[in-house]
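An overview of the molecular structure
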Amino acid sequence: MNPQRSTRRSLLRRAGFLGSALAVGAAAPAAAAAHEQGPGHRHGNRRPSPVGSWSVVVTIEGVPDVEHAHYSFGADGQLILQTHRHTHTGIGTWEWADDGSFVYVTRGLRSDADGGLLSELRIRHTGRFGADGTFTSTGTGQALDAGGKVLMEVQSTAVGTRFGVDG
């Protein structure tokens, strides 16, 4: 495999991390509301909320392997995520959209073995809840070099399943 293809594959995998991070950020406010009423996803006529902890599977366009991640959406709009292929954590934010969906963005940094900044990963996703309480979000992930130049952009889909104390 040539070095350019190897770098592209590495960046595509990292884009999955960003997609996951964004998904988590968007879900935080809703998760807080859900946490207040327990694992049920609705309280009265309230909409489902992303607030809480999620196991997420991210599919990145053009990458055969899925990315596994954990997202934590905070009631205050904060998002934290971690992926299985990366040693870094992404942070972000989320908010409700006017149409009842939620939008989240995440950012993560990648460094070389000496601690030098290699790239920043940015993800922006829009999510919706399914009847079964899962969420599905779609959006873009970008890898930027240390100077802010976009190296690549990919499309990704994230599917999240809530987890709590009981599993």
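One structure accompanies this document, and this report is about it. (Residues numbered from 1 in each chain as written. Predicted model: local features only at pLDDT ≥ 70, side-chain atom pairs only at ≥ 80, totals over all residues. Heavy atoms only, no water.)

Focus: the sheet that holds strand 6 (residues 117-129)
An order of 1-2-3-4-5-6-7-8 is seen for the eight strands of this closed barrel, with the pairing classed as antiparallel. Mean inter-strand twist for the sheet, computed between neighbouring axes without regard to direction, equals 30°. Sheet topology note: the strand 7 (residues 135-145)/strand 8 (residues 150-163) ladder contains 10 bridges and is antiparallel. Counted as the bridge partner of Leu144 is Val150 from strand 8. (Pairing = 2+ DSSP bridges. Helix = DSSP H or I, 4+ residues; strand = E, 2+ residues; numbered from the N terminus. Axes fitted to C-alpha atoms, helices over the stretch in contact; angles between N-to-C directions.)

Structural notes on the pairing of strand 4 (residues 89-96)
As judged from the five bridges shared by strand 3 (residues 78-83) and strand 4, these two strands associate in the antiparallel manner. The partner of Leu81 across the bridge, within strand 4, is Gly90. Pairing geometry for strand 4 and strand 5 (residues 102-111), over six bridges, is antiparallel. Its bridge partner lying in strand 5, Ile91 is registered against Arg107. Hairpin connection of strand 4 to strand 5: five residues between the antiparallel strands, including Gly100 at a positive phi of 90°.

Topic: the packing of aromatic side chains
Evaluated as defined, the whole model comprises 15 aromatic pairs. An angle of 25° between the planes, with centres 6.4 Å apart, marks the rings of Tyr71 and Phe135 as stacked. Of the two residues, Tyr71 sits in strand 2 (residues 67-73) while Phe135 sits in strand 7, which places them 64 residues apart along the sequence. The exposure class assigned to Tyr71 is buried, which follows from its relative accessible area of 2%. Taking the relative accessible area as the measure of exposure, Phe135 reaches 0% and is therefore buried. Plain terms: the ring middles of Phe73 and Phe135 are 6.0 Å apart, the flat faces sit at 85° to each other, and that makes the pair edge-to-face. Pair noted here: Phe73 is in strand 2 and Phe135 is in strand 7, with a separation of 62 residues, a long-range link. As far as burial versus exposure is concerned, Phe73 and Phe135 are alike and both buried. (Phe/Tyr/Trp six-rings, centres within 6.5 Å; stacked < 30°, edge-to-face > 60°. Buried < 20%, exposed > 50% of the residue type's maximum accessible area, 1.4 Å probe, protein only.)

A closer look at the pattern of salt bridges
Enumeration over the complete set of coordinates arrives at three salt bridges. Arg128 is the salt-bridge partner of Asp99, the closest N and O atoms lying 2.7 Å from each other. With Asp99 in the loop between strand 4 and strand 5 and Arg128 in strand 6, this pair connects stretches of sequence that are 29 residues apart. On the basis of relative accessible area, Asp99 is assigned to the partly exposed category, the value being 48%. The class of Arg128 is partly exposed, set by a relative accessible area of 45%. Of the charged contacts, one joins Arg122 and Glu120 as a salt bridge, the two residues approaching to 3.1 Å between their closest N and O atoms. Three or more residues joined by partner-sharing salt bridges are found here, namely Arg107, Glu120 and Arg122. (Salt bridge = Lys/Arg side-chain N within 4 Å of Asp/Glu carboxyl O.)

As for the nonpolar core
Grouped together as the largest cluster of nonpolar side chains are 21 residues, with contacts concentrated most on Trp54, Val56, Tyr71, Phe73, Phe102, Tyr104 and Phe135. When contributions to this core are tallied by element, the ones reaching two or more residues are strand 1 (52-60), strand 2, strand 3, strand 5, strand 6, strand 7 and strand 8. Tallying contributions element by element places strand 1 first for this core, with four residues. (Core = buried A, V, L, I, M, F, W, Y, C linked by side-chain atoms within 4.5 Å.)

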